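In case you want the letters, here they are:
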Amino acid sequence: MKPDKTLSTALIMTALLVALSGCQKQEGPAEKAGRQVDKAAEKVGQKIEKAGDAIQDAAKGDKK
């Protein structure tokens, strides 16, 4: 490759990298709220699962 072509290729690649780094999606308030709702729903699901396990354990204890 010629030095001119190498330099122009490097400049183009640098410009593309800079452009792509500027394209990162900024998170807005709706996305933040949605993530918090997802976390809360997951915690509720875990609590319900634990409660179900406790009920099953209690039912097994009653049968003995």
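First things first, this report covers the structure right here in the doc.

Parameters and conventions
Residues numbered from 1 in each chain as written. Predicted model: local features only at pLDDT ≥ 70, side-chain atom pairs only at ≥ 80, totals over all residues. Heavy atoms only, no water. Helix = DSSP H or I, 4+ residues; strand = E, 2+ residues; numbered from the N terminus. Rg over C-alpha atoms; globule rule 2.2 N^0.38 Å. Areas by Shrake-Rupley, 256 points an atom, 1.4 Å probe, with all protein chains shown as cover. Lys, Arg positive; Asp, Glu negative; His and termini not counted. Charge placed at Lys NZ, Arg CZ, Asp CG, Glu CD.

### Some thoughts on the overall build of the protein
Step number 1: What the protein contains, in helices and strands, is 2 helices and 0 strands.
Step number 2: Over its C-alpha atoms the protein spans a radius of gyration of 28 Å, topping by over 25% the 11 Å that the globule rule assigns to 64 residues.
Step number 3: Seen through its principal axes, the protein has C-alpha atoms that stretch 85 × 30 × 5 Å.
Step number 4: Accessible surface, the protein: about 6,200 Å² in total, of which carbon and sulfur atoms supply 63%.
Step number 5: Across the protein, the centroid of the 12 positively charged side chains sits 4 Å from that of the 9 negatively charged ones.

Remember, this is a structural readout, not a statement about activity or role.
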